[in-house]
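An overview of the molecular structure
Chain by chain, the residues run as shown.
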Amino acid sequence: MNISKSEMVKETSLKPSRRSLPCLAQSCTYSQNLSQSTSLFQSNESESQAPTSVTSISVEKAAQVNYEENKNDSVLNCSFTDLSDFCLGLGKDQDYMDDSEPAHYDRSRLIRDSVLKDKSALKPKSLSKNDMNYIASSGLLFKDGKKRIDYILVYRKSNIQYNRRNAFEKNLRAEGLMLEKEPAVANNDIMFIKIHIPWDTLCKYAEKLNIRMPFRKKFYYTEKRSESMGRIKKTLEKIISFMPKNPMVLDKSVFPDLEESKCYTGPFSRARIHHFIINNKETFFSNAARSRIVYHVLQHTKYENGVSKVGIYKLINNGAYEAAFPPHEGAYKSRLPIKSHGPQNSRHLLYELWARWGMWYKYQPLDLIRRYFGEKIGLYFAWLGWYTGMLIPAAVVGLCVFFYGLVTMNKSQVSQEICAASEVLMCPLCDKNCSLQRLNESCVYAKVTYLFDNGGTVFFAIFMAIWATVFLEFWKRRRSMLTYAWDLTEWEEEEETVRPQFEAKYYTVERVNPITGKPELYQPFSDKITRLLVSVSGIFFMISLVITAVFAVVVYRLVVMEQFASFKWSFVKQHWQFATSGAGVCINFVIIMMLNVAYEKIAYLLTNLEYPRTESEWENSFALKMFLFQFVNLNSSIFYIAFFLGRFVGHPGNYNKIFNRWRLEECHPSGCLIDLCLQMGVIMFLKQIWNNFMELGYPLIQNWWSRHKIKRGKQDASIPQWENDWNLQPMNIHGLMDEYLEMVLQFGFTTIFVAAFPLAPLLALLNNVIEIRLDAYKFVTQWRRPLPARATDIGIWYGILEGLGLLAVITNAFVIAITSDYIPRLVYEYKYGPCADRLMSSHNCLMGYVNNSLSFFDLSELGLGKSGYCRYRDYRGPPWGSKPYEFTLQYWHILAARLAFIIVFEHLVFGIKSFIAFLIPDVPQELHERIRREKYLVQEMMYEAELEHLQQQRKKSGQPVHHEWP
């Protein structure tokens, strides 16, 4: 919203409201001396209110304008009726103190937090000196050495859009910001605009944006039972204190910046500023809050006449400015050890505690991440850490299933029979160059298949389906605790501005907003449906393109299969099926990476075609398209191998062929599961390596080249912090979408086909341990500081994760029933094996299973001049039977058992998932009661603080004092 200078003078006075909450500063101590208080709206850096800038405006005019602004601001600041006592010292930088008595509460029903027992915690911290020292040392000040830099704008001198920039900067000064220009050291064409927001402008927009600030120490209601439990808890803590410390926990005593605030908070109000204790106006508002306020002003300031001519990012899109970003808080490295000299700044502390590779086993300092990068990025790392921690039990169970197969591999009846079948000849797997092979040649493949297809497979599939539900349900609890700790329980996202593309398209179409009653731009329903249908058609077209690519890879495998079978290298010729699968996987991976680039451009085009109204709608639509494209692209070949490979090949003498030329590929004699494991393992491994390189390696190379050019151009120049930030890579335009997309696709890989690859959780765990530190290193050292945005959840990604959890149940049921040999072995064991007619038997119930699962074919029908019989995997009648090569009754029994297993498995797992989701509440009961209790206490404190202030005002004016509301 734009407010001109004249409108600022005419702004009406604010009166105290009973609904405005009294606030307390970060020190959380009661104030002592009200009579010595001075104005809080006039800071030392804004005494002159002269926006320092290197412009062509004459000094005389600037001084005259600034004098008028100061006069108007003084009138504005002194217009509050309840703040007449504070305007005596206008323009002076004296600390505000309050001599009001503490409010009288029922102390018998309240207890303090255990943290408050340390009296040193109640002492105010002298933050100003340390903060200003590192700000000054890092060069984050104006030339006068007093005003701190809150935001940076960058433009090129050669850019000819002078009028837009001048109008925009003039309006920024009218909003109360201070600007200072400074040319770049390494590039004469680059100009930096340093932005500082003064105290009174901070207060004004903090109230407008409802920024919550602390105002009272927290008290908690307790009962006798709670008191006794509290004593037991303290006793246990004393006992634990003598035990060795957890090496994963950060030592907060060494790093005092990690201390958490234990204060009640409420929306900031200038009319209630007398309830705040402000020891230092420089640190009262955090750097993240200052950056958000400046960003709000930048986004709502006009640069030309017109409804849509507003916002810094529109100026960046049309080239008037190159970039806009908050500066980093100095360098991330220091020559002095942090334990003896302390951190130089928050960025240095983050690097030492979080971004260094040596801290891979430590917990993440989420409070510090949130304070520096904002709640949105803090929630991403909290979710990533929670996901990584939950992968530990999944990886352990998957590893146990794998080791179970490894230990019992030589005892497997199926593997023993295959390895001993030296006289059994298998039919040729291709038409031209393939010869008859003995079944025992598949001995190694049979043993490897057993590692992934054993008795623990079904248990692990059920476990992972339940694990996915537990992970999501407990994440909701974790999120609720984080939103409470980060004071986001009552935060409401401000109304988003309309995207400029939407404004330009529908500027003539308006409707009355049913909530506000004001006219707003509107997209007609028919136009919206038409564009949505076109977008959906584009999505289906891209999905069909993916299927076409998979079909091309299948044809490639059929073509090279016979070439590898006649290869002159003996190793390739002997393992031609493995060579065919490996080459197909690598080619498929290359196609996946190439199509991902095309999908991103298509997703952009389709999303822009829909004309979303706001940025969040655009991000959700774009994220959903990117997920659909990449999910289908990544998993289509895996679905083919899992459910179609070797299912429709026919039988010897009557094979199905593509284009009547290429015979469809059959599974290995030991089964199709080995191909599925190979496909999943190679794609998962290669994709993680590629993603890690693109996330860290590519920015490292770009930043190295930027530093190389600077050193080549300016040998001994001292580069200021904001120019170092400019030389870093900007955070990608998708924000956290790429990070979430990578992890969500990995979650799908980990859960959807986990029955075929139980090592997937272990690979995901190892990757995520690296991913956390890689992302931390990237955010702290390689990227410019992003805007510290706020959020209460992970957005659309939670719904996608829930959908993947449901899909995982279905796919694992089909993998166990169709891809693996679990159901055929089960049917043989209880219907056709040696244990079929006896409840208990000393014999192995799977004895003879391999021979039972292979059908006979007469070699004389192939026309190869050979006689006898060969075997192939299927349940068909023998050539000497009444119905040769027809499906036997056992085939239909197995098919019915497979369908029954799918239905029972799905209903059982879905029932367990629903029951667990019902048992686990989204918000812990204790936290729910605490939130309700705090709301009540805040209301009581608000009224008592207002009554106290009113009594003091009446006492000073000589009026009678009442002890209740008049």
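Preceding this section is the structure that the text describes.
The following paragraphs examine the structure supplied in this document. Source: prediction; values computed, not measured.

Non-glycine residue Tyr611 carries a positive phi angle of around 50 degrees. Its location among the elements puts Tyr611 in the loop between α20 (576-610) and α21 (615-643). Since its relative accessible area comes to 21%, Tyr611 is described here as partly exposed. Positive phi outside glycine occurs at Tyr885, with the angle close to 65 degrees. Tyr885 sits in the buried class, given a relative accessible area of 10%.

Moving on: the pattern of salt bridges. Across all of its chains, the model carries 26 salt bridges by this definition. Taking the shortest distance from any N to any O, the salt bridge between Lys778 and Asp775 comes out at 3.2 Å. One end of the pair is Lys778 and the other is Asp775, both in helix α25 (residues 760-782) and three residues apart, which spans about a single turn. Of the residues examined, Asp775 reaches a relative accessible area of 0% and is grouped as buried.

Here we come to the environment of Ile547. Along the polypeptide, Ile547 turns up in helix α18 (residues 525-565). Sequence-wise, Ile547 and Val632 are 85 residues apart; in three dimensions their C-alpha atoms are separated by 8.6 Å.

As a further point, take helix α13 (residues 375-407). Given a rise of 1.5 Å per residue, 33 residues ought to cover 48 Å, and the 47 Å separating the end C-alpha atoms of α13 matches this to within 8%. The largest bend in α13 is about 30 degrees, located at Ile392, with the proline Pro393 one to four residues further on.

Quantified by volume, the second largest pocket comes out at close to 840 Å³. In this structure, the second largest pocket is lined by 38 residues; those nearest its centre are Gly646, Arg647, Arg873, Asp874 and Arg898. For the lining of the second largest pocket, the secondary-structure elements that each account for two or more residues are β13 (650-651), α26 (796-819), α28 (849-853), β18 (869-873) and α29 (889-919). Broken down by element, the residue count for the lining of the second largest pocket peaks at six residues, all from α29. When grouped by side-chain class, the residues that make up the lining of the second largest pocket number 24 nonpolar, six polar and eight charged.

Considering soluble globular proteins, one finds that nonpolar side chains tend to be buried as a cluster. Residues Trp354, Phe373, Trp383, Tyr387, Trp467, Phe627 and Trp797 are the most contacted members of the largest nonpolar core, which totals 144 residues. Tallying contributions element by element places α13 first for this core, with 15 residues. Once residues within four sequence positions are removed from consideration, Trp354 is found in contact with Met359, Gln364, Pro365, Ile369, Phe373, Phe381, Ile772, Arg773, Ala776 and Val780. Residues Tyr151, Leu153, Ala206 and Ile316 belong to the second largest nonpolar core, which totals 34 residues.

On inspection of all chains with the given rule, the structure shows 53 aromatic pairs. Centre to centre, the rings of Trp618 and Phe622 are 5.0 Å apart; their planes meet at 15 degrees, and the pair counts as stacked. Of this pair, Trp618 and Phe622 both sit in helix α21, four residues apart, roughly one helical turn. There is no split in this pair, since Trp618 and Phe622 are both buried. Aromatic pair Phe857 and Tyr885: ring centres 5.3 Å apart, planes at 40 degrees, arrangement tilted. A residue pair is termed long-range when its members are at least 10 positions apart, and Phe857 in strand β17 (residues 854-858) and Tyr885 in the loop between β18 and α29 qualify at 28 residues. Phe857 sits in the buried class, given a relative accessible area of 0%. One residue, Arg785, lies across the ring of Tyr372, its end atom 3.9 Å from the ring centre. A cation sits over an aromatic face here: Arg876 above Phe887, 4.2 Å from the ring centre.

The subject of this paragraph is the sheet that holds strand β4 (residues 190-196). Taken together, four strands build an open sheet; the order of strands is β3-β4-β2-β8 and the sheet is antiparallel. The strands lining the two open edges of the sheet, one partner per strand, are β3 (178-183) and β8 (323-325). Ignoring strand direction, the axes of neighbouring strands in this sheet form an average angle of 20 degrees. On the sheet, helix α4 (residues 162-174) packs against β2 (151-156), β3 and β4 and is oriented at approximately 165 degrees with respect to β2. Docked against the sheet, helix α8 (residues 287-299) engages β2 and β4, running at close to 45 degrees with respect to β2.

Conventions used here
Starting afresh in each chain, residues are numbered from 1 along the sequence in its written order. Local features in this predicted model are restricted to residues whose pLDDT is 70 or higher, and side-chain atom pairs enter the listing and the counts only when it is 80 or higher, whereas totals over whole chains, interfaces and linings include all residues. Hydrogen atoms and water are omitted, and side-chain values are computed over all heavy atoms in the structure. Numbered from the N terminus, helices here are DSSP runs of H or I no shorter than four residues, and strands are runs of E no shorter than two. Classification of residues uses two cut-offs on accessible area relative to the type maximum, computed with a 1.4 Å probe and protein chains only: under 20% is buried, over 50% is exposed, and between them is partly exposed. The working definition used for a salt bridge is a side-chain nitrogen of Lys or Arg within 4 Å of a carboxyl oxygen of Asp or Glu. A helix is expected to span 1.5 Å for every residue after the first. The angle between axes fitted to the seven residues ending at a residue and the seven residues starting there is what we call the bend at that residue. Using a 1 Å grid laid over the protein atoms alone, points where a 1.4 Å probe fits but cannot get out form a cavity; open sets with protein on both sides within 12 Å along at least 5 of 7 lines form a pocket; any residue with an atom within 4 Å of a point counts as lining. Grid points are joined across faces, edges and corners, and a volume is the space filled by probe spheres set on the points. Throughout, the ten residues Ala, Val, Leu, Ile, Met, Phe, Trp, Tyr, Cys and Pro are labelled nonpolar, Asp, Glu, Lys and Arg are labelled charged, and all others, Gly among them, are labelled polar. We define a nonpolar core as any set of buried Ala, Val, Leu, Ile, Met, Phe, Trp, Tyr and Cys residues linked to one another through side-chain atoms lying within 4.5 Å. By definition in these notes, contact holds between two residues if any of their heavy atoms fall within 4.5 Å. By convention, a stacked pair of Phe, Tyr or Trp rings (six-membered ring in the case of Trp) has centres within 6.5 Å and planes under 30 degrees apart, an edge-to-face pair has planes over 60 apart, and any other such pair is tilted. Think of it as a cone above the ring: NZ of Lys or CZ of Arg counts as a charge over the ring if it is within 6 Å of the ring centre and within 35 degrees of the ring normal. Two strands are counted as paired when DSSP detects at least two bridges linking them. Structural elements are reduced to axes, namely lines fitted to C-alpha atoms, with helices fitted over the stretch in contact, and the angle between N-to-C directions of any two is expressed from 0 to 180 degrees.

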